[in-house]
Amino acid sequence: MKFAAINGSPHGSAGSTQVVLEAFLEGCREEGAQVVTVQLAELQVGLCRACHSCWTSSPGKCVIEDDLPQVLESLEGADFVVLASPLHFLQVSGNLKVFIDRLTSTGGNPHNRPAEAKGPPPRMAVVMSAGFPRPEQFRATSVWMEDLAALLGRELWMEAYAGGARRLPLPEAQPWLGILRDAGRRAARGSSLPAEARHALKAGF
Ligand SMILES: Cc1cc2nc3c(=O)[nH]c(=O)nc-3n(C[C@H](O)[C@H](O)[C@H](O)COP(=O)(O)O)c2cc1C
């Protein structure tokens, strides 16, 4: 099974978001999954110009010449996409949002996409970190992620929100990170996530 993780942290692999993301991906690797991680901070992915050329004159292709094709390549054949980001003013980082806007070029108008005819929808997970330990800070993002997953035709398999993550790895975060690692194993086995783990991961440590 292939997992593609897109990390929108400006700190890339040196950030707190990566610490949280790694716990999940470690679990995936333990079960033999192929894992590809893209650090958006290391790439140039520019703002969508809303020119809609990707729906009209150059269907499926964005006119902006930057590193977007590299990111899309990493998503090819992925059974599971993991979106990772720090919380910035109660939302995902600008880096991640800019990338998501550029997905416009990959599927025409997602509102017009026909429902999947056969098979279960591909899966998606969200992993985020925040400086302050208040779980309610993720409320708006969580609602948005549910709607985004539906728009993209994906099952939102897991949300993991780590408030108070500035000083990770903290000893008190270890049990929660353990649940996250176990979720990675389950994801790689194609299993479901028990309700208890789902709630614990959304609530943070
Ligand atoms: C522009 C900006 C906005 C932020 N907004 C919030 C916020 O609303 N709530 C919060 O708890 N932390 C906020 N933070 C702190 C980060 O979410 C936190 O330090 C995060 O763990 C950093 O992850 P990183 O090391 O992967 O970048 C903000 C940081 C920045 C730079």
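Conventions we followed
- Residues numbered from 1 in each chain as written.
- Predicted model: local features only at pLDDT ≥ 70, side-chain atom pairs only at ≥ 80, totals over all residues.
- Helix = DSSP H or I, 4+ residues; strand = E, 2+ residues; numbered from the N terminus.
- Rg over C-alpha atoms; globule rule 2.2 N^0.38 Å.
- Buried ≥ 20, exposed ≤ 12 C-beta atoms within 10 Å, placed from the backbone.
- Contact = placed C-beta atoms within 7 Å.
- Near = placed C-beta within 6 Å.
- Nonpolar A, V, L, I, M, F, W, Y, C, P; charged D, E, K, R; others polar.
- Core = buried A, V, L, I, M, F, W, Y, C linked by C-beta atoms within 7 Å.
- Pairing = 2+ DSSP bridges.
- Right-handed = clockwise from strand over helix to strand, strands pointing away.
- Axes fitted to C-alpha atoms, helices over the stretch in contact; angles between N-to-C directions.
- Parallel < 35°, antiparallel > 145°, perpendicular 65-115°, else oblique.
- Left-handed = near helix turned anticlockwise from the far one by under 90°.
- Expected span 1.5 Å × (residues − 1).
- Arc of directions from axis to C-beta.

(A) Quick look at the overall build of the chain. For the chain, the count of helices and strands is seven helices and five strands. A compact globule built from 205 residues should have a C-alpha radius of gyration of about 17 Å, and the chain, at 17 Å, falls within 12% of that. Dimensions of the chain, computed from C-alpha atoms along their principal axes, come out at roughly 55 × 35 × 30 Å. The buried share of the chain, taken over its 205 residues, is 35%. Counting contacts in the chain only where the partners sit at least 6 residues apart, residues at least 24 apart contribute 80% of the total.

(B) Summary view of the site of the ligand. Within the structure, the ligand sits among 18 residues, and S9, G15, T17, P86 and G131 are positioned closest to it. Split into classes, the residues belonging to the shell around the ligand amount to eight nonpolar, nine polar and one charged.

(C) View of the nonpolar core. Counting residues in each nonpolar core, the largest one holds 48 residues, and the members touching the most others are A5, F24, V82, A125, V127 and A160. When residues of this core are traced back to their parent elements, those giving at least two are strand 1 (2-7), helix 1 (16-30), strand 2 (34-39), strand 3 (80-86), helix 3 (94-102), strand 4 (123-129), strand 5 (155-162) and helix 6 (174-189). If near-sequence neighbours (up to four positions away) are discounted, A5 is found in contact with L21, L25, V35, T37, V38, V82 and A84.

(D) Here's a closer look at the pairing of strand 5. Buried residues dominate strand 5, accounting for six of its eight residues. Where strand 4 lies against strand 5, seven bridges are found, and the strand directions are parallel. In the strand pairing of strand 5, R123 is matched with E155. In this fold, strand 4 hands off to helix 5 (residues 139-151), which returns the chain to strand 5; that crossover is right-handed.

(E) Local environment of the packing of helix 6 against helix 7 (residues 195-203). At a minimum axis distance of 10 Å, the contact between helix 6 and helix 7 shows a crossing angle of 130 degrees. Here helix 6 is positioned oblique relative to helix 7, judged by the angle of their axes. Like other packed secondary-structure pairs, helix 6 and helix 7 cross with a definite hand, here left-handed. Residues W176, I179, L180 and A183 of helix 6 pack against A197, A200 and L201 of helix 7. Looking at the contact of helix 6 with helix 7 residue by residue, the class counts come to seven nonpolar, no polar and no charged.

(F) Fine view of helix 6. The terminal C-alpha atoms of helix 6 lie 23 Å apart, and with 16 residues this matches the ideal 22 Å at 1.5 Å per residue to within 8%. Of the positions making up helix 6, those classed as buried are L177, L180, A183, G184, A187 and A188. When helix 6 is viewed along its axis, its buried side chains cluster within an angular range of 130 degrees and face the same direction. Opposite its buried face, helix 6 presents the exposed residues Q174, P175 and G178, each directed more than 90 degrees away. Of the surrounding elements, those touching the buried residues of helix 6 are helix 1, strand 3, strand 4, strand 5 and helix 7.

(G) Representation of the environment of C28 in the model. Of note, C28 is situated in helix 1. When the C-alpha atoms of C28 and R185 are compared, they prove to be 4.9 Å apart, with 157 residues separating the residues in sequence. Discounting residues that sit within four places of it in the chain, C28 has contacts with F3, A33, V35, G184, A187 and A188.

(H) The sheet that holds strand 2, seen in detail. Pairing is parallel across the open sheet formed by five strands, whose spatial order is 2-1-3-4-5. The sheet is open, and its two edges are formed by strand 2 and strand 5, each paired on a single side. Within the sheet, the average angular offset between the axes of one strand and its neighbour, ignoring direction, is 15 degrees. Inspection of the sheet shows strand 3 paired to strand 4 by seven bridges, in the parallel sense. Residue pairing for strand 4: F80 is matched across the bridge by R123.

(I) Looking closely at the environment of E136. By the element assignment, E136 lies in the loop between strand 4 and helix 5. Counting along the chain gives 53 residues from E136 to R189, while the straight-line C-alpha distance between them is 31 Å.

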